[in-house]
Amino acid sequence: MKKIYLISLLAGLFALAGLLYVFDPADCNLFPPCPFYTITGLYCPGCGSQRALHDILHLDAAGAAANNLLVIPAILVIIYHILYQLIRPKHQNILYYNSTPRIILGIIIIFWILRNLPFYPFTLLAPS
């Protein structure tokens, strides 16, 4: 059952990546707009992520960073997490306190606040 779930998840991710590769979210209404931005007019930490992923799939790191600066580090953290889960010994029992999720949450909240400040240099954090 776990293999079916994993294969289905990977197939869905590849299908979504294919759609993002072919269709530019900046020019196409296929992808939904950010509900937080639509309601409040403020940028959430994920605003610009669809355009950034489109840019990454086209190997445009500068365009991805201009749309959402956190996408590239987020992808690297996800890849690290997946590789760590595959490589670490199965008998390893982690009992120590891990503060990494709190640090990541803090970075996301600070980014969320700073990208909505209406003056330079924080306006550079807003999606292009």
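Below you will find a few notes about this structure.

Definitions and cut-offs
Residues numbered from 1 in each chain as written. Predicted model: local features only at pLDDT ≥ 70, side-chain atom pairs only at ≥ 80, totals over all residues. Heavy atoms only, no water. Helix = DSSP H or I, 4+ residues; strand = E, 2+ residues; numbered from the N terminus. Contact = heavy atoms within 4.5 Å. Axes fitted to C-alpha atoms, helices over the stretch in contact; angles between N-to-C directions. Parallel < 35°, antiparallel > 145°, perpendicular 65-115°, else oblique. Nonpolar A, V, L, I, M, F, W, Y, C, P; charged D, E, K, R; others polar. Phe/Tyr/Trp six-rings, centres within 6.5 Å; stacked < 30°, edge-to-face > 60°. Buried < 20%, exposed > 50% of the residue type's maximum accessible area, 1.4 Å probe, protein only.

What follows covers the environment of F111. When you line up the elements, F111 lands in helix α6 (residues 100–114). Considering only alpha carbons, one finds F111 and A126, 15 residues apart in sequence, at a separation of 9.9 Å. F111 has contacts with P45, N68, L69, L70 and L125, leaving out every residue within four places of it along the chain.

Attention now moves to the packing of helix α3 (residues 49–57) against helix α5 (residues 71–87). Interaxial distance between α3 and α5 falls to 10 Å at its minimum, and their mutual angle equals 70°. Taken together, α3 and α5 sit at an angle that is classed as roughly perpendicular. Across from S49, A52, L53 and I56 in α3, the residues of α5 making contact are V71, I72 and I75. Of the residues that constitute the contact of α3 with α5, the class distribution is 6 nonpolar, 1 polar and no charged.

Moving on, we get to the packing of aromatic side chains. This model, assessed by the stated rule, comprises 3 aromatic pairs. Look at F36 and W112: their rings are 5.3 Å apart centre to centre, the planes differ by 80°, and that puts the pair in the edge-to-face class. Of this pair, F36 sits in helix α2 (residues 35–40) while W112 sits in helix α6, and the two are 76 residues apart along the sequence. The exposure class assigned to F36 is partly exposed, which follows from its relative accessible area of 31%. Judged by relative accessible area, which is 32%, W112 ranks as partly exposed. Taking the centre distance of 5.6 Å and the plane angle of 80° together, the rings of F119 and F122 count as edge-to-face. Judged by its relative accessible area of 45%, F119 falls in the partly exposed class.

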